[in-house]
Amino acid sequence: MSNTTFTMIKPDAIEANNHGFILEKILASGFKIIAMKMVLLSKYQAKKFYKIHDGKPFYKDLIDFITRGPVIVAVLNKKNAVEDFRSLIGATDPNKAENGTIRKLFAKSVGENAIHGSDSDDNAKIESSFHFSTNEIFNET
Ligand code: CMP
């Protein structure tokens, strides 16, 4: 079990000015932010990040959506980070997410679902290093 996970607050949440509330919820839930930045992903970067979904019916919409405005990418630290963070954000489809989860509170649909969280320790490492170099991640905090 690793203590870090990766998250991305998506354009819909930033457009709705919900990123402050979301970050507050993350911090209040015991996660430490050990790297963070706001970036506008290029189509090339988005396709690389979401390569695993290439060929799925929602892939084009996903790439268009995630590149239509800036996202906030961050690396988070907490014991049991991946699992705890997935509980905090709730199911991919906000209609199926538990009450009180970030997606239940802030997501509009399965496509525009406010936030991403890594689904495994391996993917947390891959996704963190996609966006941050090691000297940008403050592991000792
Ligand atoms: P995320 O956790 O970022 O991982 C992949 C994303 O693809 C997911 O959140 C959704 O935004 C999107 N996605 C997954 N399933 C569907 C779907 N059935 N229809 C539209 N978008 C989807």
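Up top is the structure.
What counts and what doesn't
Residues numbered from 1 in each chain as written. Predicted model: local features only at pLDDT ≥ 70, side-chain atom pairs only at ≥ 80, totals over all residues. Heavy atoms only, no water. Buried < 20%, exposed > 50% of the residue type's maximum accessible area, 1.4 Å probe, protein only. Helix = DSSP H or I, 4+ residues; strand = E, 2+ residues; numbered from the N terminus. Arc of directions from axis to C-beta. Phe/Tyr/Trp six-rings, centres within 6.5 Å; stacked < 30°, edge-to-face > 60°. Lys NZ or Arg CZ within 6 Å of the ring centre and 35° of its normal. Pairing = 2+ DSSP bridges. Axes fitted to C-alpha atoms, helices over the stretch in contact; angles between N-to-C directions. Contact = heavy atoms within 4.5 Å. Near = heavy atom within 4 Å. Polar contact = N/O pair within 3.5 Å; in protein donor to acceptor, adjacent residues only side chain to side chain. Areas by Shrake-Rupley, 256 points an atom, 1.4 Å probe, with all protein chains shown as cover. Salt bridge = Lys/Arg side-chain N within 4 Å of Asp/Glu carboxyl O.

Engineer: Any chance you could break down helix α2 (residues 19-28) for me, citing the residues and the numbers?
Structural biologist: Within α2, the full set of buried residues consists of H19, I22, L23 and I26. Down the axis, α2 shows its buried residues gathered within 95° of arc, on one side only. For α2, the exposed residues set more than 90 degrees away from the buried face come down to F21, E24 and A28. Within two residues after α2, G30 carries a phi angle of roughly 95°, on the positive side.

Engineer: Go over the packing of aromatic side chains with me, naming the residues and quoting the values.
Structural biologist: For the structure on display, the rule yields 5 aromatic pairs. Both rings, one in F6 and one in F49, keep their centres 5.8 Å apart while their planes meet at 50°; by these two values the pair is tilted. Of this pair, F6 sits in strand β1 (residues 4-9) while F49 sits in helix α3 (residues 43-49), placing them 43 residues apart in sequence. Seen from their ring centres, F49 and Y50 are 5.0 Å apart, and the 85° between their planes marks the pair as edge-to-face. On the basis of relative accessible area, Y50 is assigned to the buried category, the value being 6%. One residue, K37, lies across the ring of F132, its end atom 4.7 Å from the ring centre. The ring centre of F31 lies 5.5 Å from the NZ or CZ of K78, which sits over that ring.

Engineer: Describe the sheet that holds strand β3 (residues 71-77), naming the residues involved and giving the relevant values.
Structural biologist: Within the open sheet, the 4 strands sit side by side as β2-β3-β1-β4. Their pairing is antiparallel. Each edge of the sheet is formed by a strand with only one pairing partner; in this case those strands are β2 (32-39) and β4 (115-117). On average, adjacent strands in this sheet sit at an angle of 15° to one another, irrespective of strand direction. Each of β1, β3 and β4 touches helix α5 (residues 81-89); the most contacted strand, β4, lies at about 155° to it.

Engineer: I'd love a proper account of the site of the ligand, names of residues and values included.
Structural biologist: Around the ligand, the structure places K10, Y50, H53, F58, L62, T92, R103, V110, G111, N113 and H116. One nitrogen or oxygen atom from the side chain of Y50 is found 2.7 Å from an oxygen atom belonging to the ligand. The contact in question runs from an oxygen atom of the ligand to an N or O atom on the backbone of V110, over 3.2 Å. Computed on the free molecule, the ligand has an accessible area of 460 Å², of which 76% lies beneath the protein chains in the complex.

Engineer: An account of the environment of N95 is requested, with residue identities and associated values reported.
Structural biologist: Tracing the backbone through its elements, the reader meets N95 in the loop between α5 and α6 (102-106). For N95, a relative accessible area of 64% translates into the label exposed.

Engineer: Explain the pattern of salt bridges residue by residue, including any values.
Structural biologist: Should the charged atoms of two oppositely charged side chains come close, the side chains can pair. Per the stated rule, a full pass over the model turns up 7 salt bridges. Between D64 and K43 there is a salt bridge, with its nearest N and O atoms 3.4 Å apart. Of the two residues, D64 is situated in helix α4 (residues 59-66) and K43 in helix α3; the sequence distance between them amounts to 21 residues. When the shortest N-O distance is used, the salt bridge between K96 and D93 registers 4.0 Å. Overall, K96 belongs to the exposed group, its relative accessible area being 66%. The exposure class of D93 is buried, given its relative accessible area of 18%. Salt bridges sharing common partners tie together E15, R68, K108 and E112.

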